[in-house]
Amino acid sequence: MNRLCTCWLICGLWGSSLAQAGETWSGWVSWVMDGDTVMLVRPGHSEPVKLRLDGVDAPESCQPGGMASRDELIRLVLRKQVQVTDSGPDSYGRQIGRLSVEGVDVGAELVRSGMAWAYRFRTGRGPYAALQREAQKEKKGLFSAPETAMSPSVFRRFHGACQA
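Residues numbered from 1 in each chain as written. Predicted model: local features only at pLDDT ≥ 70, side-chain atom pairs only at ≥ 80, totals over all residues. Heavy atoms only, no water.

### Some thoughts on the overall build of the protein chain
Let me state the cut-off plainly: Strands here are runs of E lasting at least two residues and helices are runs of H or I lasting at least four, both read from the DSSP assignment and numbered beginning at the N terminus. Exposed residues in this analysis have more than 50% of their type's maximum accessible area, buried residues have under 20%, and partly exposed residues fall in between, with area computed by a 1.4 Å probe over protein chains only. Residue contacts follow a heavy-atom distance rule, with two residues in contact if any of their heavy atoms lie within 4.5 Å. All accessible-area figures derive from a Shrake-Rupley calculation using a 1.4 Å probe, and residue coverage is judged against the displayed protein chains alone.
Across its full length, the protein chain holds 5 helices and 8 strands. In the protein chain, the succession of α and β elements from N to C terminus is α-β-β-β-β-α-β-β-β-α-β-α-α. Put simply, the protein chain has 164 residues, and 37% of those count as buried. At a minimum sequence separation of 6, the contacts of the protein chain that also span at least 24 residues come to 56%. In the structure as shown, the protein chain presents an accessible area of about 9,600 Å², 56% of it carried by carbon and sulfur atoms.

Put into structure tokens, the structure is as follows:
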């Protein structure tokens, strides 16, 4: 089998288990990887889906505030049924989507509490920009010490990615 056929076969099989952009589906959060990434199990599926939250950027796990951000996401979603509004894959192939638990937008809660930055890859400030300004003004969470609050992208530029 040539390389092109193999790629189409693998991509086709991989893509068949993933949701399409705009689709809404439910799942059960089995693991919280960090402050903006979870593992979900969809009903009727045995393989978990790695989902990065759309509209937020949480601190890296090795960055100040990273563990607090992850702990807040654990409190909000771990072992709970969630609704996902799928945004499709990002440029790295990760599934992106918005999560809600019992009608509460998880990304909005993370930004409102100061545990994540509002973020929209390549398209501006994101849907939670006003909530971030409010958290900064009220010095919540990561913004309680503005001089040390460093967005993950800036942190990675200075320190590189966290080592597993």
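### Overview of the packing of aromatic side chains
In plain terms, the rule: Centres within 6.5 Å are what make two rings of Phe, Tyr or Trp a pair, Trp counting through its six-membered ring; a difference in plane orientation under 30 degrees is then read as stacked, over 60 as edge-to-face, and the rest as tilted. Charge-over-ring contacts are defined here by two conditions on Lys NZ or Arg CZ: a distance within 6 Å of the ring centre and an angle within 35 degrees of the ring normal.
Inspection of the entire model under this criterion finds 1 aromatic pair. Above the plane of the ring of W25 lies R42, whose end atom (NZ or CZ) is 4.3 Å from the centre.

### Here's the deal with the environment of P89
Along the polypeptide, P89 turns up in strand 5 (residues 81–89). Judged by its relative accessible area of 52%, P89 falls in the exposed class. For the pair P89 and R52, spaced 37 residues apart in sequence, the C-alpha separation works out to 9.3 Å. Not counting chain neighbours up to four residues away, the residues in contact with P89 comprise R94, Q95 and I96.

### Re the state of the cysteines
Which entries qualify depends on this criterion: Criterion for a disulfide: a pair of cysteine sulfur atoms within 2.5 Å.
Enumeration over the complete set of coordinates arrives at 1 disulfide. What pairs with C62 in a disulfide is C162, and their sulfur atoms sit 2.0 Å apart. Judged by the sign of its S-S torsion, about -85 degrees, the cystine formed by C62 and C162 is left-handed. Note that C62 is positioned in the loop between strand 4 (56–57) and helix 2 (66–77) and C162 in the segment after helix 5 (152–159), a separation of 100 residues in sequence.

### Section: the pattern of salt bridges
Note the cut-off: Salt bridge, as applied in this entry: a Lys or Arg side-chain nitrogen positioned within 4 Å of an Asp or Glu carboxyl oxygen.
This structure, assessed with the given rule, holds 9 salt bridges. Here R52 makes a salt bridge to D36, at a shortest N to O gap of 3.2 Å. Of this pair, R52 sits in strand 3 (residues 49–53) while D36 sits in the loop between strand 1 (24–34) and strand 2 (37–41), placing them 16 residues apart in sequence. Taking the relative accessible area as the measure of exposure, D36 reaches 6% and is therefore buried. Among the ionic pairs, D71 bridges to R70, the shortest N-O distance being 3.1 Å. Salt bridges sharing common partners tie together D36, R52 and D57.

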